[in-house]
Each structure stands twice: as structure tokens, then as C-alpha cells.
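Close look at the chain arrangement
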Amino acid sequence: MFTQHNRKSRQLLASGIKSTYDDDLYPTRLNFYREPPPLEISIEEFEQFALDRMQVLQALLTAQMRNLTPEQLDKAVNEAIRKYMPMSPNSKSNTSHRQLMEERRKDHISHFILRLAYSRSQELRSWFLRAECALFRYRFEKEMLKDQLEFLEKQNLSWKKVSDEDKRLLREKLKTSSFKAGNIDEETYFEVDFERVTGLVGRRQVYIQAGKAFVRLSDQVVLVLDEFKERLSHALEVTGRALPRMDEDDRLMPVLNNINKQYLGREFTSSAIAGEIQASDVDTLKVHMPLCMEHLHDELRREKHTRHGGRMQYGLFLKGMGLSLEQALIFWQMAFEKITPEQFNKNYAYNVRHTYGMEGKRTDYTPYSCKSIIMNNAPGSGDHHGCPFRHFSAPNLRAQLAAHNVDEFDTDDIIHKVQQRHYQIACTRYYEVTRAKMVGISPENVKGGLSDSATGSMIASQEVIEHPNQFFEQSYLLMKSKNAESEGGAASGAATGAGEGMDGVTGPAPLEAIVRGRYTYKKAGASISSNVQHDIDM
């Protein structure tokens, strides 16, 4: 548990310690997070709470960006909430009071942890503000009216309630200002500065007089959200200025600095989805690779070489596909055909063995996730690694999309997502468009997770692409299913040789699998024959 010896971090996260719950602390599921959580928290909870909230925020923003129907959005978000951060309503009879308080305690604490983590830069603050506002609005709209009013009464909001006399004087204007207006005498209105409800003003759903907007109670979510956003924005700036005081805390700062970089999905240490991959299969399987790996493959074939960053990114991806160490050594020597086997063995074989955990620290490295590729080790001049949606210029990206037969409409859609910094969602849309054309379906029929056919449903997964190997596996399984459907079943396993590849798509004849020279790799328990005495910089 946090103790007295580190007061700086305690002061930023909590204002005291309580061993029991205050019944008035969490009367509803809604929270403006005005006060830090006055409860103890363990280091284990600190990290887990933060990661669980991240899952919910990412699921909500992803669902909104993918233009899902309200039913699909509710399903995706509620699934994430139930799994990572359940919040039971007061009306749920089979939930104990203590369980309600535990759920709301986790919500309270996890918000403040992420507030600390996302206060370090303007970009992080903007993302967190947008995500938290989206979550608050989602919860507010799902809350019962009784609990909404109870929550608002405790906030002491400075909204002027319109008197009955003023409503009678403005009855006709209030009625014509909104097609939803019912009985004006029974409706509650608030008078606020029009700048606070610009969304309603833009949609012409409020009456404005002398700079004041008259907002109905049923439209109060706009006012509440504006209040929440204003308070959180100010709190993030204050937290950002106070954050340097935590630099001395070697327990919390590593967690806070890496929360936004965490990849929470599958590691893809090795895959048997396409059978036992041989070095000669890689060219045929290129059709299933994401744009980043396809670009690396093409440049490797063109230049007969790639730099360290590219070798790490692409080599680990191939490892995740199921390429063994023996076959990886064959693949890379054949790819580096400008150098002799002795030069390859001296300068590059050690690096390949190292990524498979057979040299140095014997760390079994896992393939890079999309988040790792996007946020770490940006490519420089002459490099080919990285994420095309993050690191390519707009003209270069458009050219790449055109080369893959992405039409202008879908290209504009993808570029728009890139400009909004939704790189993984842009990649997901690229997957939908190109895979739809691969199986003969209109890309428009699988947009945003929607589809009107069984095959389209496989393409239009509601899961965003989070890992290059996820892209590969989904594409490979899609084509395998399509072939089985059209041919009455297709054999799975390794590539079938020259001509027809593993995916049933005719591709270039595979390279001849010839080992030029002697390799000095090792298996567990084998002796080391390499002359390299130092570890490499990974």
C-alpha cells in the first residue's frame, strides 16, 4: 500500500486515507472527479486499474470512429465495460452496497491515475479529454433520470432556471425553436450563455435572445458535458504543472510514463495459422501482409538489403507468422544476395539468432504491435520501417493506396482518419477495402463493421487492427474460408510450391530454397560457434 514515506505522489493522487466508504461519496455512477480519491490503493491496483480504464476508453472511441450503428456501439462498449470496469446502477437489486462502492471506487481511482499519466503533453491531454468526455456522455445518457437529477443537484451548477412568467412570454419562440418541444408550461428551461451550447445553436435547436440560450431539460447533456469538459481541461493543466514533483518516485513514474504505450492484446509469439512457413513461402504470402510489412518486403527485394530497424520489425513479424530460426536464416541470406555467405554469417546471422532468443540475453522477442511501431523508433532517411499511415507523407500514402486499387472515395476516408491521428483505424479501413475486393465484395458493403453477407461479416470485424500479425491472420483465414466455400474445401498447411500459393492465389514462383554456405546457429543446449563476443543493441 502507499505509505507516509512518499507524500508527493500521495498528495497528487489522494487527499487522505479511509478504511470505510462514505455513503455520500458515490451516490450515483456519474462523477465530475472534482476531488482525488480518499482511499488507499496498492501498487498492483494502481497499474491494473489504469489498464482496465484504458481498455474501456479505447473501445468507446474506436466504436465511435468506425461509424457503428447505435446497437453495435452499445454492444461493443458494454462488452468492454462488463469485462474491465463494470458500473452497476442503483436500481440493480442483486448488487450489494459494498460492490457498488467498489465499482465506483475503481472508476474514481482509475480516472485520476490516467489523469496523471496523460498530463505530460498537450497531445496526451487532448486525447484524454476527448476520451473522458465521450465516456461521461455515454454514461450520462444511459443513467436514469432520477439519478441524473440527483447527481446534478449535488454539483451546484450556476444555471439560471427560466421562470414560469418568462416561459409564458417566450412560449411561441421556444416552441418554434425545437421540433421536440412539447408542453412549454411543463418543460423546464435553463438560461445560459449561448457560447456554452454551440452544438445546439448550430443545429438550430435553441432560442437565443440577448446572447442567452434557452435550453430544455432534455437537452441538458450538452450543458453537463460542457461543464465536465471545462473542469477536466483545467484540472489537466494543473496536474501537468505539478507532475514534475513526482519525478523522484521510481515506483510510479515508470508506470505512468508507459501506460499510453501499453499493448494489451495478443503477443503473437508464434503462429501455426498458415502451417509451417518455409523461406520460399514468404513471397507468396505477401498478399496477406499489412501495408507496413509489404512495404518492407518490397524494399528488401529491391535493395537486397534493409537496415537494422527494418530487419527487426520485419524479422519479428515473420517469426510471428511461423518462420522458424532455421528458415529465417535461409530467408535473410537469400534476401541479402549481394553479400557472400561468409559476410552474412559474420555480420547478420547473430542478429537473427538473437531475435529468436538464442544469443545474448536469450530473450525471446515478440513481434512489434501497431502501437509500438507507431510510437517508437521513427524511421529516418533511408529507413523503410515504421507505419505507412503514421510516417508516410500524404502524397506517398495516396500513391501506395492507389497502387493497391483503393478508389478515391475510400482513399479520402483513410486519409481523413490519418489526419485525425487514428492510424490503426485507417489501417483497419484499408484492410476492409482491400480484402473486400480480394473476395469480390463491394468495399462499401463492409464499411464500419457492417456487412450484408457472411463473407463480408468476416471482413468487417468490429475489432480494430492492433497488430501486423493480426492483419495477416485475419486475411489468411478469410481467403482460406473463401476458397473452402468456392471449392468445397481447401487443404491447409504450407505453400504448395510454384504457381498456386498457400492462399490459393497465383503468385510468383518461390525462390529456390538453397543454403549457400554454412550457418552457425544454435538450438537449446548446442554449443556456440559464432565468433561474435558482444551483445547487440536491440
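Residues numbered from 1 in each chain as written. Predicted model: local features only at pLDDT ≥ 70, side-chain atom pairs only at ≥ 80, totals over all residues. Heavy atoms only, no water.

**A short note on the overall build of the protein**
Quick note on the threshold: Numbering of helices and strands starts at the N terminus; helices are DSSP runs of H or I of at least 4 residues and strands are runs of E of at least 2. Each residue is assigned to one of three classes by its accessible area relative to the maximum for its type, calculated with a 1.4 Å probe on protein chains only: buried under 20%, partly exposed between the two thresholds, exposed over 50%. Contact criterion: two residues are considered in contact whenever any of their non-hydrogen atoms come within 4.5 Å of each other. Exposure was quantified through the Shrake-Rupley algorithm and a 1.4 Å probe, taking into account, for residues, occlusion by the shown protein chains and nothing else.
Helix and strand content of the protein: 24 helices and four strands. Expressed as a percentage of its 538 residues, the buried residues of the protein come to 50%. Summarising the internal contacts of the protein: among those between residues at least 6 apart in sequence, 70% fall at separations of at least 24. Taken as a whole, the protein presents about 26100 Å² of accessible surface, with 48% of it coming from carbon and sulfur.

**Remarks on the sheet that holds strand 2 (residues 189-193)**
Using the following cut-off: Strands are labelled as partners when DSSP assigns at least two bridges between them.
Read from one edge to the other, the open sheet built from four strands follows the order 1-2-4-3, with strand pairing classed as antiparallel. The open sheet terminates on both sides in strands that have one partner only, identified here as strand 1 (160-161) and strand 3 (207-209). Direction of pairing for strand 2 relative to strand 4 (residues 212-216): antiparallel, over a ladder of five bridges. When the sheet's bridge partners are listed, tyrosine 189 is paired in strand 4 with arginine 216.

**Examining the confidence of the model for the protein**
Quick note on the threshold: Summary of the metric used: pLDDT quantifies the predictor's per-residue confidence within the range 0 to 100.
Overall, the prediction assigns the protein a mean pLDDT of 79, with 78% of residues at 70 or greater. In this model, residues 1-21 is a region of pLDDT below 50 whose contacts with residues beyond four sequence positions or in other chains number 54 contacts. This stretch, residues 489-538, has a pLDDT under 50; its non-local contacts, to residues over four places away or in other chains, come to 98 contacts.

**Topic: the side chain of arginine 104**
For clarity, the threshold we go by: Residues scored as charged are limited to Lys and Arg (positive) and Asp and Glu (negative), so that His and the chain ends carry no count. The term salt bridge refers to a pairing of a side-chain nitrogen on Lys or Arg with a carboxyl oxygen on Asp or Glu at a separation within 4 Å.
By secondary structure assignment, the location of arginine 104 is in helix 4 (residues 97-117). With no salt bridge to any partner, buried arginine 104 finds its closest opposite charge in glutamate 103, at an N-O distance of 5.8 Å. Excluding its chain neighbours within four sequence positions, the residues that come into contact with arginine 104 are Tyr26, Pro27, Thr28, Arg29, Met87, Ser88, Pro89 and Asn90.

**Let's talk about the nonpolar core**
Where we set the bar: We define the nonpolar core as a collection of buried residues of types Ala, Val, Leu, Ile, Met, Phe, Trp, Tyr and Cys that are connected through side-chain atoms lying within 4.5 Å of one another.
Within the largest apolar cluster, 61 residues are counted, with the highest numbers of intra-cluster contacts made by Ile113, Leu256 and Ile259. Core analysis: the next-biggest nonpolar cluster, separate from the first, contains 57 residues, Met289, Leu296, Met358 and Ile373 among them.

**A few points about the pairing of strand 2**
Burial runs high along strand 2: four of the five residues are buried. With two bridges joining them, strand 1 and strand 2 adopt antiparallel strand pairing. Paired with lysine 160 across the two strands is glutamate 191, which belongs to strand 2.

**Quick look at the side chain of glutamine 148**
As for its position among the elements, glutamine 148 is in helix 6 (residues 145-153). Among residues more than four places away in sequence, those in contact with glutamine 148 are Leu30, Phe140, Glu141, Glu143 and Gln220.

**Side note on the packing of helix 20 (residues 394-403) against helix 21 (residues 408-419)**
We count it as follows: Only the contacting stretch of a helix is used when fitting its axis, a line to C-alpha atoms as for every element, and angles between N-to-C directions run 0 to 180 degrees. Helix crossings fall into two classes, left-handed where the near helix is turned counterclockwise from the far one by less than a right angle and right-handed where it is turned clockwise. Following the grouping adopted for this structure description, the nonpolar residues are Ala, Val, Leu, Ile, Met, Phe, Trp, Tyr, Cys and Pro, the charged ones are Asp, Glu, Lys and Arg, and the polar ones are all others, Gly among them.
At a minimum axis distance of 11 Å, the contact between helix 20 and helix 21 shows a crossing angle of 145°. Note on packing geometry: the crossing formed by helix 20 with helix 21 is right-handed. On the side of helix 20, the interface is formed by Ala394, Leu397, Arg398 and Leu401, while helix 21 contributes Thr411, Asp412, Ile414, Ile415 and Val418. In the contact of helix 20 with helix 21, the residues fall into six nonpolar, one polar and two charged.

**Looking at the packing of aromatic side chains**
Under the convention used in this document: Note on aromatic pairs: the rings of Phe, Tyr and Trp (six-membered ring only in Trp) are paired at centre separations within 6.5 Å, and the planes decide the class, stacked below 30 degrees, edge-to-face beyond 60, tilted for the rest.
With the rule as written, the count across this model stands at 23 aromatic pairs. Between phenylalanine 32 and phenylalanine 228, the aromatic rings sit 5.9 Å apart at their centres with planes inclined by 40°, giving tilted as the arrangement. Of this pair, phenylalanine 32 sits in the loop between helix 1 (7-13) and helix 2 (43-65) while phenylalanine 228 sits in helix 10 (residues 220-242), and the two are 196 residues apart along the sequence. This pair shows no difference in class: phenylalanine 32 is buried, exactly as phenylalanine 228 is. Plain terms: the ring middles of tyrosine 314 and phenylalanine 317 are 6.3 Å apart, the flat faces sit at 15° to each other, and that makes the pair stacked. With tyrosine 314 and phenylalanine 317 both in helix 14 (residues 308-321) and three residues apart, the pair spans about one turn of that helix. Its relative accessible area of 1% is what places tyrosine 314 among the buried residues. Members of the aromatic cluster, joined through ring pairs, are Tyr314, Phe317, Phe331, Trp332, Phe336, Phe344, Tyr348, Phe472 and Tyr476.

**Looking at the pairing of strand 4**
For strand 4, the buried fraction is high: four of the five residues fall into the buried class. Sheet analysis places strand 3 next to strand 4, joined by three bridges and oriented antiparallel. Within the sheet, the bridge partner assigned to isoleucine 208 lies in strand 4 and is alanine 213. Here strand 3 folds back onto strand 4 in antiparallel fashion, the turn holding two residues, of which alanine 210 has a positive phi close to 55°.

**Brief notes about unusual backbone geometry**
Unlike most non-glycine residues, asparagine 377 shows phi in positive territory, near 50°. Residue position: asparagine 377 is located in the loop between helix 18 (370-375) and helix 19 (388-391). Relative accessible area serves as the criterion here: at 53%, asparagine 377 is assigned to the exposed category. Positive phi, normally seen in glycine, also occurs at arginine 421, with a value near 70°.

**Looking at the pattern of salt bridges**
All chains considered together, the criterion is met by 28 salt bridges. Notably, a salt bridge pairs arginine 302 with glutamate 303, separated by 3.0 Å at the nearest N-O pair. Overall, the relative accessible area of 56% leaves arginine 302 in the exposed class. Residue classification places glutamate 303 among the partly exposed positions, given a relative accessible area of 28%. The residue aspartate 413 makes a salt bridge to arginine 429 at a minimum N-O spacing of 3.7 Å. Linking aspartate 413 in helix 21 with arginine 429 in helix 22 (residues 423-438), this pair joins segments that are 16 residues apart in sequence.

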